[in-house]
4 protein chains.
Amino acid sequence: MTSDQVLTALREQNIELPSWAFGNSGTRFKVFGTPGTPRDPFEKVSDAAQVHRYTGAAPRVSLHIPWDLVEDYGKLAAHAADLGVTIGTINANLFQDDDYKFGSLTNPDPRVRAKAVAHHAECVDVMRATGSKELKLWLPDGTNYPGQDDLRERQDRLAESLQQVYGLLDDDMRLVLEYKFFEPAFYSTDVPDWGTSLLHCLALGDRAKVVLDTGHHAPGTNIEFIVVQLLRAGRLGAFDFNSRFYADDDLMAGAADPFQLFRVMHEIVGAGALAPGTPSDPGWDPAGPGVNFMLDQCHNVEDKIPGQIRSVTNVQQATAKALLVDRDALRVAQRAGDVLGANDVLMDAYHTDVRPLLAELRESQGLDPDPMAAFKASGYLQRTADERIGGTQAGWGA
Amino acid sequence: MTSDQVLTALREQNIELPSWAFGNSGTRFKVFGTPGTPRDPFEKVSDAAQVHRYTGAAPRVSLHIPWDLVEDYGKLAAHAADLGVTIGTINANLFQDDDYKFGSLTNPDPRVRAKAVAHHAECVDVMRATGSKELKLWLPDGTNYPGQDDLRERQDRLAESLQQVYGLLDDDMRLVLEYKFFEPAFYSTDVPDWGTSLLHCLALGDRAKVVLDTGHHAPGTNIEFIVVQLLRAGRLGAFDFNSRFYADDDLMAGAADPFQLFRVMHEIVGAGALAPGTPSDPGWDPAGPGVNFMLDQCHNVEDKIPGQIRSVTNVQQATAKALLVDRDALRVAQRAGDVLGANDVLMDAYHTDVRPLLAELRESQGLDPDPMAAFKASGYLQRTADERIGGTQAGWGA
Amino acid sequence: MTSDQVLTALREQNIELPSWAFGNSGTRFKVFGTPGTPRDPFEKVSDAAQVHRYTGAAPRVSLHIPWDLVEDYGKLAAHAADLGVTIGTINANLFQDDDYKFGSLTNPDPRVRAKAVAHHAECVDVMRATGSKELKLWLPDGTNYPGQDDLRERQDRLAESLQQVYGLLDDDMRLVLEYKFFEPAFYSTDVPDWGTSLLHCLALGDRAKVVLDTGHHAPGTNIEFIVVQLLRAGRLGAFDFNSRFYADDDLMAGAADPFQLFRVMHEIVGAGALAPGTPSDPGWDPAGPGVNFMLDQCHNVEDKIPGQIRSVTNVQQATAKALLVDRDALRVAQRAGDVLGANDVLMDAYHTDVRPLLAELRESQGLDPDPMAAFKASGYLQRTADERIGGTQAGWGA
Amino acid sequence: MTSDQVLTALREQNIELPSWAFGNSGTRFKVFGTPGTPRDPFEKVSDAAQVHRYTGAAPRVSLHIPWDLVEDYGKLAAHAADLGVTIGTINANLFQDDDYKFGSLTNPDPRVRAKAVAHHAECVDVMRATGSKELKLWLPDGTNYPGQDDLRERQDRLAESLQQVYGLLDDDMRLVLEYKFFEPAFYSTDVPDWGTSLLHCLALGDRAKVVLDTGHHAPGTNIEFIVVQLLRAGRLGAFDFNSRFYADDDLMAGAADPFQLFRVMHEIVGAGALAPGTPSDPGWDPAGPGVNFMLDQCHNVEDKIPGQIRSVTNVQQATAKALLVDRDALRVAQRAGDVLGANDVLMDAYHTDVRPLLAELRESQGLDPDPMAAFKASGYLQRTADERIGGTQAGWGA
């Protein structure tokens, strides 16, 4: 790929930001707040827009319902538009109601399942109000002790509940279903792996896809292999990018294992799946193969907006390197059984310092070549810290 | 379940033994031999028959081709029949030929793939000669370094090769495809998880099923959950029972985590999948849900026949406990959201000492109540050690 | 060991309960409350006393400072004494102050380190007021990102801070230092393993010991091996018993892997370390080898008092089985290189149903043979649910 | 650090090569041979010398006894000297004798322990004959089943055996003791972690140090933290560099996680431990803090000499990046609690493409800037493949 082609591809890449990354988050031990943390969805969107302003690569914001419930979505959408961003995926929240102690869509009690399904109707309303076309489900459902519930029946209930949720969607909407190895359930999790998510999506229909959160796997799992499998099945709906050293640490994308992020992007580029396939694109097909590249992170100890900026630039770096892989040479070495030669071709791209290329990209877009420095210089953090006095800082509870 | 019902269920349970467990095995560091180790398939079958003789629960022996190639399979089958056992699953070997350095069914070289497919034709011939109806594939295929080969193309080649192998089967035969997390490949493995195996089986047809080896998962994986998923999909073809503390340790079934084995059998019993569903049963349906319970172990430091006896009795213990679970009480507690009560019902069965029940079972079958003691008292180990002098002891190489 | 000897040993065993197990706990996603949850340390002690009342094996309660701060410790101790229990270990809390965002005893800022040390002086005051002789430290300290702080300097600061804390102790007090693999820090943890904890204890002096929390290890870690090492070094101060399938799940002891708990107790019994060695014993030597067997759990979805009762009885079951191991026969088999024979001796004890023996133990102590049933029948849960209206339920924040 | 200082530091760095990396190796499933594989220690040394010839950074070769036993070590040393390399560490082999089935230095049988100790006397003889000053022990010792042997007694035996081995050393020799999480033992391993190795080294004396093999840890272990701990204790004797995705995969150093290798070297540089501290250096102190940087790898599917070259250059790249870290800026950011700023300083070095710098280094040393290309162009592989006909290729058995 020529340098121009790489720049063109990078220019088209976009990454969706999670509104909740701008609120406070933490561990079960402690949530540390920071001055200037948003108090409502409008302020979250404002912060997200800063990330796009300086990176030029993050034009959408995911909402989390009910955390981001507002009275007037037209107003929120207008606020976003004013700042150059749009509303992206709508995330259903199934983990903060006392009724969900033993599960939401898989709960043994039909009343609770109905309530959980009804929450999705509310989400679909938000989708209609905001123009969002993607409904994301992540279930905390599972059990903590062997015997606590019947594993098979939980799958049957899940299948039935998902059918109902899927039925709520308009024809131009799609459902993406996330899996997670463990937490908050500690014995069994109802959607613990890509196989389970895929089986349910296959049963639902073409507009059901799998979400791959890079932190949701067992130790040692080859994530890029799963990317390949889901792309091959036409069912990779979205990424939740973040990184981890241990469990679902939710660190910044690319921070813990930048080589893994590169390998993931290498498979994406190889499959031609980098091209925008998100709902805001013209020609959007909810049953199509488009992948939504989203972040899902917790900035427990670092500043939030800079944490998002760094994550976006880390994904861009990994992408740029993946675009630089000499795929013709790679194929030649692979076909020749030249293990080291093939590995060298890949590593040659990885070892390349692509920061000058990304600086060039940004300058060609009228952006500062160093988004982090430019944001810091803007004084935004200090300004919001000064202005956002009073009220309750947003967090996972609101 | 009444005690009589439990005994009836246990009486019908049967477990298949791997011929290779009677040969020498070890680690990459060292293979320790023991006196009396079989030198050929006939002696392996003789040893396997000892396990059945004392447990009454292990009437079949899996063969591994080419390790168990013989000139006259009629003679081998007759030898088995004389000793009260039959030939079970035929295992294809794809990991000991220099040609397979970069893969067998997924090799970039079409000549090697054709060779690997042809090996299965040889296996199917053995199946016809022995009356076996089950062809088992475990692939060592994968790569050691990122970039070494194209992950996506390897899947495509695999799909094509599997189609050819599947096409070799007679209508009353089935193919079972095993997955494994890693080893011998250390970067990517072509069939690393149940999702991948299942996707390929779904593409092949009804007579393709998944093999779950209990040692082939990432740390922390909830194996009984996978059992549930595969049973729900009608695609759990067989178990390879063994146990592990770390990786694919291939220790005796039930030795490392007897509670896990119990939980697995609890799901099996709950799904009604314990009932014999193996090719030797009347009414065998190669497309049906029957599960073949096999052992696959390496007795690196312990005696082999006693190691197999203990494994069989461990599976029986776990099964007996699973049969004793008060499923009505369990359901009541589960429906009531009584976490501890439900767990207690399960643990009540697990804590039960079922050895008296198994002794009763054996006595009702005309067996010694203590298979291990009876085998030791038989002098067989000493006798074979004295008799099997000369020749080359069987191992993974032969 | 004769049955009488086993009963005698079991009669002497005692297990310390954590006050915080009776308050609410959960995950970062959600904390579920339950009716009747204590509102203050007095109610927590009352609940803990219920566990002792029905098991006869849990005579002490650990406090957590500042969660369990009260104005008058004489009154709290008297309350405990009235209910037949005493105050045990005092736990310092270093994870809920905004100042500790970047560490407590390892914080780069000397002011924060001094504050953290001062908190221990407060804890020592509580020890003096309650008669407690054991100060327990668990540090959440660590970093989330490579480069965030200097790993080596954090160890140096830790060593210095610990010296100061150690210097606060009276001569008949000891310090126990807990290690944890990860969480809440996600890149580096300052005391991540037994080696680190031991090195610091060795530097401090004879009255510094290691705490082994059974949930604080990497996947696959052989915990009983660490028990052996720490006992051999004379530095196993205490256990925090709980169980886990994945990370620090904090499930009930013995719930996830009862065989592991048995193996741990087998090493304890083999080393003669079961005999009471806790501060409340006559002849207590703070520099001696006594091990304090404590629970540290989170009853996220199950009832708390029953959860503690079950955990205590699980530890008792494991202990009883360990006491039943025929150590003479074990030694003979081990010396003979009889792998299966030695394993069989161990498993023979494990497979034994010791519930009748424990029932006999309890009856000999004037207790109901079934503590769980007796507690349920007492109506305590309903009574406290009715009475404890208003106020704020205790949790990790208070 | 200025570019000149970086070059100077890199020029002094040296890496020791393992003779066995040039022989065949594989998994328990299969060992693939390659044309030209050495048949004896002389040919192995010849191959090792090629790595040094093209990298200028690998001047020593470790031997493995008895694999590398020769009649005349003077001749072997002279052969090495002719090729510009020297003999480094002597590795004792305790895993290939039938007597070691149940352990070597920890075997229950005193005769076997004496034999294992005696093997070290043989190794010390080789050390005297070759001028080697470093004896490396890695024990395969452990058990496969709970109960198989007494864990505590194995430690006592180990301590006693190690004392005897240590007593064999001349005053200017040192002993380095490697630990390993698991394999070939699958239940307990006698030296499974750095804590155990360190405890034994502390008991032995100043000339006993720990070997850290980067592939010998539980999943998720923070290896650079262990580096810090061992350096702080003055007991990091040597590295065995390699890389892994799963277990002890023994892939090329830096191949699986180049960022981890960089973090390790960052701690080494930060502690001033990069400076040569190997026996061949003037002023060598066997009780001093010098770290020997060795490779220990298995080139199962890739060419061996190129595999070693790539590993050496990967270590060099990681080192160069570590040297480029702006430590003053790092400290400022760390002290300021600037999480992202500190991480950025580290990542800035990591993202730098140091290949031009390494090319400059090599040219300044009179070497080809691209060692891999130069070696390939030399025709050595083809030449040895043509010449080394007949005989038995070296492997783990010889």
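Values in this document were obtained by computation on a predicted structure and should not be read as measured data. (Residues numbered from 1 in each chain as written. Chains lettered and ligands numbered in written order. Predicted model: local features only at pLDDT ≥ 70, side-chain atom pairs only at ≥ 80, totals over all residues. Heavy atoms only, no water.)

1. As for the overall build of chain A
When its secondary structure is counted, chain A shows 14 helices and 10 strands. A compact globule built from 398 residues should have a C-alpha radius of gyration of about 21 Å, and chain A, at 21 Å, falls within 12% of that. Summarising its shape, the C-alpha atoms of chain A cover approximately 60 × 55 × 40 Å along the three principal directions. Sorting the 398 residues of chain A into buried and exposed places 70% on the buried side. Once local pairs closer than 6 in sequence are excluded, the contacts in chain A between residues at least 24 apart make up 78%. Split by element, the accessible area of chain A, about 12000 Å² in all, is 50% carbon and sulfur. Of the side-chain charges in chain A, 37 are positive and 56 negative, and the distance between the mean point of each set is 1 Å. (Helix = DSSP H or I, 4+ residues; strand = E, 2+ residues; numbered from the N terminus. Rg over C-alpha atoms; globule rule 2.2 N^0.38 Å. Buried < 20%, exposed > 50% of the residue type's maximum accessible area, 1.4 Å probe, protein only. Contact = heavy atoms within 4.5 Å. Areas by Shrake-Rupley, 256 points an atom, 1.4 Å probe, with all protein chains shown as cover. Lys, Arg positive; Asp, Glu negative; His and termini not counted. Charge placed at Lys NZ, Arg CZ, Asp CG, Glu CD.)

2. A short note on the interface of chain D and chain C
Counting residues at the interface gives 50 residues for chain D and 50 residues for chain C. For the pair chain D and chain C, the summed buried surface comes to about 4200 Å²; carbon and sulfur atoms form 59% of the total. Among the residues chain D hides against chain C, the three largest losses belong to Phe-225, Arg-232 and Gln-334 of chain D. Together they make up 16% of the total. Our count for the chain D to chain C interface comes out at six salt bridges. Our enumeration of links across chain D and chain C arrives at 20 residue pairs in polar contact (both at pLDDT 80 or more). The set of elements that each furnish at least two residues to the side of chain D that touches chain C consists of α5 (151–168), β7 (188–189), α6 (194–204), α7 (223–232), α8 (258–270), α10 (327–335) and α11 (339–351) of chain D. Across the side of chain D that touches chain C, the residue classes tally to 22 nonpolar, 15 polar and 13 charged. (Buried area = accessible area lost by both parts, 1.4 Å probe. Salt bridge = Lys/Arg side-chain N within 4 Å of Asp/Glu carboxyl O. Polar contact = N/O pair within 3.5 Å; in protein donor to acceptor, adjacent residues only side chain to side chain. Nonpolar A, V, L, I, M, F, W, Y, C, P; charged D, E, K, R; others polar.)

3. Notes on helix α11 (residues 339–351) of chain C
With 13 residues, α11 of chain C ought to run about 18 Å at 1.5 Å a step, and its terminal C-alpha atoms sit 18 Å apart, in line with that. What α11 of chain C keeps buried is the set Val-339, Leu-340, Gly-341, Ala-342, Asn-343, Asp-344, Val-345, Leu-346, Met-347, Ala-349, Tyr-350 and His-351 of chain C. (Expected span 1.5 Å × (residues − 1).)

4. A short note on the packing of helix α10 (residues 327–335) of chain C against α11 of chain C
Residues and elements named next belong to chain C. The geometry of α10 relative to α11 is characterised by a closest axis approach of 7 Å and an angle of 160 degrees between their N-to-C directions. The orientation of α10 with respect to α11, classified from their angle, is roughly antiparallel. Crossing geometry of α10 relative to α11 is assigned as left-handed. Together, Ala-329, Leu-330, Ala-333 and Gln-334 of α10 and Gly-341, Ala-342 and Val-345 of α11 make up the contact between the two elements. Grouping the amino acids of the contact of α10 with α11 by side-chain chemistry returns five nonpolar, two polar and no charged. (Axes fitted to C-alpha atoms, helices over the stretch in contact; angles between N-to-C directions. Parallel < 35°, antiparallel > 145°, perpendicular 65-115°, else oblique. Left-handed = near helix turned anticlockwise from the far one by under 90°.)

5. Here we look at the interface of chain B and chain A
The partner chain A presents 50 residues to the 50 residues of chain B that form the contact. Between chain B and chain A, roughly 4200 Å² of surface is buried when both sides are summed, and carbon and sulfur atoms account for 60% of that area. When the buried area of chain B at its contact with chain A is split by residue, Phe-225, Arg-232 and Gln-334 of chain B rank highest and sum to 15% of it. Close ionic contact of Glu-153 of chain A with Arg-331 of chain B constitutes a salt bridge, the shortest N to O distance being 2.8 Å. Counting across the chain B and chain A interface gives 20 residue pairs in polar contact (both at pLDDT 80 or more). Elements that contribute at least two residues to the side of chain B that touches chain A include exactly α5 (151–168), β7 (188–189), α6 (194–204), α7 (223–232), α8 (258–270), α10 (327–335) and α11 (339–351) of chain B. For the side of chain B that touches chain A, the per-class residue count stands at 22 nonpolar, 15 polar and 13 charged.

6. Brief notes about the relation of the copies chain D and chain C
Between chain D and chain C, the superposition needs a rotation of 180 degrees and an axial shift of 0.0 Å, giving an RMSD of 0.0 Å. Both copies are brought into coincidence by an operation consistent with a two-fold rotation axis. Of the C-alpha atoms belonging to chain D, the one lying closest to the rotation axis is found on Gly-195 of chain D, 2.2 Å away. Of the interface residues in chain D, 100% have counterparts in chain C that sit at the interface too, so the contact is made through matching surfaces. (Least-squares fit on C-alpha atoms with pLDDT ≥ 70 in both.)

7. Some details on the relation of the copies chain B and chain A
You can overlay chain B on chain A at an RMSD of 0.0 Å; the transform is a turn of 180 degrees with a shift of 0.0 Å along its axis. Take the interface residues of chain B: 100% of them recur as interface residues in chain A, which is what a same-surface contact looks like.

8. Considerations on unusual backbone geometry
Most peptide bonds take the trans form, and the phi angle of most residues other than glycine is negative. Residue Pro-66 of chain C is reached from Ile-65 of chain C by a cis peptide bond, and omega for that bond is 20 degrees. Looking at where Pro-66 of chain C falls in the secondary structure, it is placed in the loop between β2 (60–65) and α3 (73–82). Unlike most non-glycine residues, Glu-183 of chain A shows phi in positive territory, near 80 degrees. As for its position among the elements, Glu-183 of chain A is in the loop between β6 (174–178) and β7 (188–189). One non-glycine residue with positive phi stands out, namely Asp-250 of chain C, at about 60 degrees. With respect to the element layout, Asp-250 of chain C can be found in the loop between β9 (236–241) and α8 (258–270). Relative accessible area serves as the criterion here: at 4%, Asp-250 of chain C is assigned to the buried category.

9. Examining the confidence of the model for chain A
Looking at chain A as a whole, its pLDDT mean stands at 96, while 99% of the residues score no less than 70. ipTM for the predicted complex: 0.97, alongside a pTM of 0.98. (pLDDT = per-residue confidence, 0-100.)

10. Regarding the pairing of strand β8 (residues 208–213) of chain C
All names here are of chain C. β8 sits mainly inside the fold: six of its six residues count as buried. In terms of strand pairing, strand β6 (residues 174–178) meets β8 through four bridges, oriented parallel. Note on β8: the bridge partner recorded for Val-176 is Lys-209. Assessed by its sense of winding, the connection that carries the chain from β8 through helix α7 (residues 223–232) to β9 is right-handed. (Pairing = 2+ DSSP bridges. Right-handed = clockwise from strand over helix to strand, strands pointing away.)

11. A word on the side chain of His-299 of chain C
All names here are of chain C. Following the sequence through the fold, His-299 ends up in the loop between β10 (292–295) and α9 (304–324). At 2.8 Å, the side chain of His-299 forms a polar contact with the side chain of Glu-302. When near neighbours in sequence (up to four residues on either side) are disregarded, His-299 contacts Ala-21, Ser-25, Met-252, Lys-304, Gly-307, Gln-308 and Ser-311.

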